[in-house]
Amino acid sequence: MKNSPSILSPPISPYLLPPEKHNNMKTVQIALTSIAVSAIALLQAIISVGIRINIQDNDLQLTFPESYNIRGGYPDRRRLNYNSNINLDFAVIGFPKTGTTFLLEQLEGHSQIQMSKGEFCQVHNVTSGAERVSSWLTDISNSSDTSKNKTKYGIKCPTMVRDMSAIQNLMKISDHTRLVVGVTHPVKWFENFYNYRVLEMYNNNVITEHVFGRMSGRSIPKPRELLNDTKHWKDVSTASARFDAYLKQLAKVPLDENERKSMFDERLWPKRISPNPYKVFIYTVEQLHDKNETRQVQFQTDLQHHLGLSSPFRDFNKASKANAVLNSVRYKEQIDICDPQYVRIRKKLVQQGRISSEWIINRFIESDDVVVSDRDYFTSILRTWGDDLCQPKRSK
């Protein structure tokens, strides 16, 4: 292909096929399927974007409209009635049950920040996610209730890190949004998330008996049913604790064949590698409530700088923990993950945790686009993911 500013390689479908071992016939079938998928993606791009095709001397030339952003898709912000003077400054993108509600409360209490009320997961909407964020930004900036000191705007949706439709929508309205993502020990995560969903069922008065081992929208499944990576209950599954698989979608480091295979081995949710211009601040739950005063001050300062704030946060350790009252209630279906009956679940989560932590430590946080406070402390916490936290408890 000749060198020309108007000539670009054909776009490849962002949905990648998981690498697997096949016999020769299956390999050919998959290769042909890949070609077909890429061809369809190219035709869709041509139709929706307005790409001009020209074939000269057996070379395929693709000329994109001037407004097309090859990195972020086709963000025609004029069609969104987008106000370039109002930016979505940051988004808390996950993971669920990693202190995101606590963090939301601290962000809401900051003098410079205007947060969306509760979770703003409309950002996932494929057809109108970008418009909804843009409309919220316009409405909140024009509201008489918004203080003039509040010059930073943010949203929280803890499923954004899992489903890249939200990141794709953000790229239609912003090049500078800062992302914040939390992680925690997979064993703790599973217990907390499962128990939270049980509590939610009772609070919403939709609890029914779990009959004959069958799962329904109104029943509570046994934890062992969520050990299979093909099932989840309201997002709770051992597969959902594969933090590395979802972080890889953010494309902050190049992935080799083994990393892609590991990513696609988790099949519960579709994966999409989505290159984006955003900086990511990653933290562990322990860092939100660190009793070491020096580290805690540094953590809050690093988060402040990441979000572009000129004034500091209030002391996180003096704030009440989110959902503290709700978590004081106990129901019979809620679990103690250290009970012997859950040993298989813990074994699975620890095995996954060891893999996830090594990838995050050795690959993810090495990216220039990823920010971590006190790398040594962060790393020391993640290395415990390969340990069964219940072993000391049971040996006492």
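What counts, and where the lines are drawn
Residues numbered from 1 in each chain as written. Predicted model: local features only at pLDDT ≥ 70, side-chain atom pairs only at ≥ 80, totals over all residues. Heavy atoms only, no water. Helix = DSSP H or I, 4+ residues; strand = E, 2+ residues; numbered from the N terminus. Buried < 20%, exposed > 50% of the residue type's maximum accessible area, 1.4 Å probe, protein only. Areas by Shrake-Rupley, 256 points an atom, 1.4 Å probe, with all protein chains shown as cover. Expected span 1.5 Å × (residues − 1). Contact = heavy atoms within 4.5 Å. Pairing = 2+ DSSP bridges. Salt bridge = Lys/Arg side-chain N within 4 Å of Asp/Glu carboxyl O. Axes fitted to C-alpha atoms, helices over the stretch in contact; angles between N-to-C directions. Parallel < 35°, antiparallel > 145°, perpendicular 65-115°, else oblique. Left-handed = near helix turned anticlockwise from the far one by under 90°. Nonpolar A, V, L, I, M, F, W, Y, C, P; charged D, E, K, R; others polar. Disulfide = S-S within 2.5 Å. Polar contact = N/O pair within 3.5 Å; in protein donor to acceptor, adjacent residues only side chain to side chain. Core = buried A, V, L, I, M, F, W, Y, C linked by side-chain atoms within 4.5 Å. Phe/Tyr/Trp six-rings, centres within 6.5 Å; stacked < 30°, edge-to-face > 60°. Lys NZ or Arg CZ within 6 Å of the ring centre and 35° of its normal.

S.K.: So what exactly am I meant to see when it comes to the overall build of the protein here?
M.R.: Assigned secondary structure in the protein consists of 13 helices and eight strands. Within the span of the protein, comprising 396 residues, buried residues form 47% of the whole. Of the roughly 20,500 Å² that the protein leaves accessible, carbon and sulfur atoms contribute 50%.

S.K.: For this particular structure, what's the right way to read helix α3 (residues 129-142)?
M.R.: For an α-helix, the turn length of 3.6 residues means that residues three or four places apart are oriented alike. Its 14 residues place the ends of α3 20 Å apart at the C-alpha level, agreeing with the 20 Å of an ideal helix rising 1.5 Å per residue. Considering only its buried residues, α3 is in contact with β4 (113-115), β5 (152-156) and α4 (165-170).

S.K.: Please clarify how the pairing of strand β6 (residues 178-183) should be interpreted in this entry.
M.R.: On any regular strand, side chains alternate: one points to one face of the sheet, the next to the other face. Burial analysis of β6 places five of its six residues in the buried class, the great majority of the element. Note: strand β3 (residues 90-94) against β6, four bridges, orientation parallel. Bridging from a neighbouring strand, Gly94 pairs with Val181 of β6. Here β6 runs beside strand β7 (residues 280-284); their pairing, made up of five bridges, is parallel.

S.K.: Help me out: how do you make sense of the pattern of salt bridges in this one?
M.R.: Pairs can form between side chains of opposite charge whenever their charged atoms are close. Enumeration according to the criterion identifies 16 salt bridges in this entry. The salt bridge involving Glu119 is made with Lys156; its shortest N-O contact spans 3.5 Å. With Glu119 in the loop between β4 and α3 and Lys156 in strand β5, this residue pair connects regions lying 37 residues apart in the sequence. Its relative accessible area of 3% is what places Lys156 among the buried residues. Between Lys348 and Asp229 there is a salt bridge, with the nearest N and O atoms lying 3.6 Å from each other. Of this pair, Lys348 sits in helix α11 (residues 343-362) while Asp229 sits in the loop between α5 (186-203) and α6 (243-247), placing them 119 residues apart in sequence. Members of the salt-bridge network, linked through shared partners, are Arg197, Glu200 and Lys234.

S.K.: Explain the packing of α11 against helix α12 (residues 375-382) to me, please; I cannot follow it from the model alone.
M.R.: Between two packed helices, what matters for the description is the angle formed by their axes and the separation of those axes. For the pair α11 and α12, interaxial distance at closest approach is 9 Å and the crossing angle is 165°. Classified by the interaxial angle, the pair formed by α11 and α12 is roughly antiparallel. Between α11 and α12 lies a crossing whose hand is left-handed. Of the residues in α12, those in contact with Ser357, Ile360 and Ile361 of α11 are Phe378, Thr379 and Leu382. Of the residues belonging to the contact of α11 with α12, the class tally is four nonpolar, two polar and no charged.

S.K.: Can you walk me through the state of the cysteines in this structure?
M.R.: Scanning all chains against the criterion turns up two disulfides. Across the disulfide from Cys121 sits Cys157; the S-S distance is 2.1 Å. Taking the sign of the torsion about the S-S bond as the criterion, the disulfide between Cys121 and Cys157, at about 110°, is right-handed. Taken together, the positions of Cys121 in the loop between β4 and α3 and Cys157 in the loop between β5 and α4 put the pair 36 residues apart, joining distant regions of the chain. Taking relative accessible area as the criterion, Cys121 reaches 25% and is therefore assigned partly exposed. Disulfide pairing is shown between Cys338 and Cys390; the S-S distance is 2.0 Å. The S-S bond linking Cys338 to Cys390 shows a torsion near -80°; that makes this disulfide left-handed. Residue Cys338 is located in the loop between α10 (324-327) and α11, and its partner Cys390 is located in helix α13 (residues 390-395); the two are separated by 52 residues in the primary sequence. We classify Cys338 as buried; its relative accessible area is 12%. If the cysteines joined by disulfides in the protein are listed in sequence order, their pairing comes out as 1-2, 3-4.

S.K.: Would you mind going over the environment of Ser311 with me for this structure?
M.R.: Mapped onto the elements, Ser311 comes out in the loop between α9 (293-306) and α10. For the pair Ser311 and His110, spaced 201 residues apart in sequence, the C-alpha separation works out to 8.4 Å. With residues near it in sequence (within four places) discarded, Ser311 still touches His110, Ser111, Gln112 and Gln304. Side-chain polar atoms of Ser311 contact the side chain of Gln112, separated by 2.8 Å.

S.K.: Help me understand the nonpolar core, please; the structure alone is not making it clear to me.
M.R.: Nonpolar side chains in soluble globular proteins generally cluster together in the buried interior. Ranked by size, the top nonpolar core spans 72 residues in total, and within it Met160, Leu247, Ile282, Ile360 and Phe364 carry the most contacts. For this core, the element with the highest residue contribution is α5, accounting for seven residues. With residues up to four places along the chain from it excluded, the contact list for Ile282 reads Val181, Val183, Leu247, Gln287, Ile360, Phe364, Ile365, Val370, Val371, Val372 and Phe378. Of all hydrophobic cores here, the second largest spans 18 residues; its members include Phe90, Leu107, Leu288 and Phe299.

S.K.: Before we go on, may I ask you to explain the sheet that holds β3 in this structure?
M.R.: The strands that make up a sheet pair up through hydrogen bonds in the backbone, lying either parallel or antiparallel. If you walk across this open sheet you meet the six strands as β4-β5-β3-β6-β7-β8, and the pairing is parallel. The open sheet has two edge strands with one neighbour each: β4 and β8 (370-371). Contacts between α9 and the sheet are confined to β6, β7 and β8, with β7 contributing the most and set at about 155° to the helix.

S.K.: Which parts of the structure should I look at to understand the packing of aromatic side chains?
M.R.: Applying the stated criterion across every chain, the model contains 16 aromatic pairs. Seen from their ring centres, Phe95 and Phe243 are 4.6 Å apart, and the 55° between their planes marks the pair as tilted. You can see Phe95 sitting in the loop between β3 and α2 (100-108) and its partner Phe243 sitting in helix α6, a full 148 residues away along the chain. Relative accessible area serves as the criterion here: at 0%, Phe243 is assigned to the buried category. Taking the ring centre of Tyr196 as reference, the NZ or CZ of Lys97 above it sits at 4.2 Å. Here the basic side chain of Arg295 rests over the ring of Tyr377, its NZ or CZ set 3.7 Å away from the ring centre.

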